[in-house]
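Here is what each chain is made of, one letter per residue.
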Amino acid sequence: MKFHLQIILAIAVIFLAACQASENSLNSQPKPTPISQTYKTVNLDPNFKIAMGQTIYVPIYSEIYHHNRQEIFNLAATLSIRNTDLTNPIIITAVRYYDSSGKLIEPYLEKPIQLDALASTEFFVNRNDSRGGVGANFIVEWVSSTKISEPIVEAVMIGTDFQQGISFISPGKVISNKNNTK
């Protein structure tokens, strides 16, 4: 019976060591930029007529406090932009990531991208990237040449450690509208 207990303990130690090695390899990965996708980049013509558009603020929590603010729990965040229009594309002109003090961390787009009808795209902040802090945020700007159904812009945060896990969403808030301007 003792031999079986020793085998079970040895397997448990190997499993825990493998989990720790896996987490260490995750910690050493470089900070990611946008999820690698093939974007349909567009050049906005100076004569492009904006029928509608918005600037949207999206709260991001790259870390949260726990245990009476004595410890920090890191979270991965996915910013999701979803075109809800059934027939028309939107053009995303900017996706910028800011830290808790309002300092720009990273602009995620070099050029505007087109998001076709009912399409979605996402941008990712790695769990190990705590540059944003508790009060991080994204600013998303989009425009359309026709009147459309407004997109859904929200963030999903998730983090797990051992048997503890947390996940939640954070909806975007429109902070300015663009209507019928150049």
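Here the structure is a predicted model, which means the values were calculated and not measured.

Trainee: Account for the environment of Tyr61, naming residues and giving values.
Mentor: By secondary structure assignment, the location of Tyr61 is in the loop between strand E2 (50-59) and strand E3 (63-66). Owing to a relative accessible area of 29%, Tyr61 belongs among the partly exposed residues under this scheme. In contact with Tyr61, not counting residues within four places along its chain, are Leu75, Gly133, Val134, Met157, Phe168 and Ser170.

Trainee: Can you break down the environment of Ile169 residue by residue, with the values?
Mentor: Note that Ile169 resides in strand E12 (residues 164-171). When its relative accessible area of 53% is taken as the criterion, Ile169 is described as exposed. For the pair Ile169 and Tyr61, spaced 108 residues apart in the sequence, the C-alpha separation amounts to 9.8 Å. Excluding anything up to four places from it in sequence, Ile169 contacts Glu154, Ala155, Val156 and Met157.

Trainee: Talk me through the nonpolar core; I want residue IDs and the actual numbers.
Mentor: Judged by nonpolar contacts, the single largest core of 28 residues is most densely connected at Ile60, Leu79, Ile81, Ile92, Val95 and Phe138. Secondary structure elements with two or more residues in this core: E2, strand E5 (76-82), strand E6 (90-98), strand E8 (113-115), strand E9 (120-125), strand E10 (137-144) and strand E11 (152-161). When residues in this core are grouped by element, the largest group, four residues, is from E6. Ignoring sequence-local partners within four residues, the contact set of Val95 consists of Leu79, Ile81, Glu106, Pro107, Tyr108, Leu109, Phe123, Phe138 and Ile139. Grouped together as the second largest cluster of nonpolar side chains are five residues, Val42, Phe48, Ile50 and Val143 included.

Trainee: Account for the sheet that holds E5, with residues named and values stated.
Mentor: If you walk across this open sheet you meet the four strands as E9-E5-E11-E12, and the pairing is antiparallel. Two strands lie at the open edges of the sheet, namely E9 and E12, each paired on one side alone. For this sheet, the mean angle separating the axes of adjacent strands, direction not counted, is 15°.

Trainee: Tell me what's going on with the pattern of salt bridges, and back it up with residues and numbers.
Mentor: Evaluation of the coordinates by the stated rule reveals three salt bridges. Where Glu106 meets Arg131, a salt bridge forms, and the shortest distance between an N and an O atom there is 3.1 Å. Residue Glu106 is located in strand E7 (residues 104-107), and its partner Arg131 is located in the loop between E9 and E10; the two are separated by 25 residues in the primary sequence. The buried category is assigned to Glu106, whose relative accessible area is 13%. Residue class for Arg131 comes out partly exposed when judged on its relative accessible area of 37%. Notably, a salt bridge pairs Asp129 with Arg131, separated by 2.8 Å at the nearest N-O pair. Judged by relative accessible area, which is 0%, Asp129 ranks as buried. What you see here is one network of salt bridges that share partners, running through Glu106, Asp129 and Arg131.

The rules behind the values
Residues numbered from 1 in each chain as written. Predicted model: local features only at pLDDT ≥ 70, side-chain atom pairs only at ≥ 80, totals over all residues. Heavy atoms only, no water. Helix = DSSP H or I, 4+ residues; strand = E, 2+ residues; numbered from the N terminus. Buried < 20%, exposed > 50% of the residue type's maximum accessible area, 1.4 Å probe, protein only. Contact = heavy atoms within 4.5 Å. Core = buried A, V, L, I, M, F, W, Y, C linked by side-chain atoms within 4.5 Å. Pairing = 2+ DSSP bridges. Axes fitted to C-alpha atoms, helices over the stretch in contact; angles between N-to-C directions. Salt bridge = Lys/Arg side-chain N within 4 Å of Asp/Glu carboxyl O.

Just distances and angles here, no functional claims.
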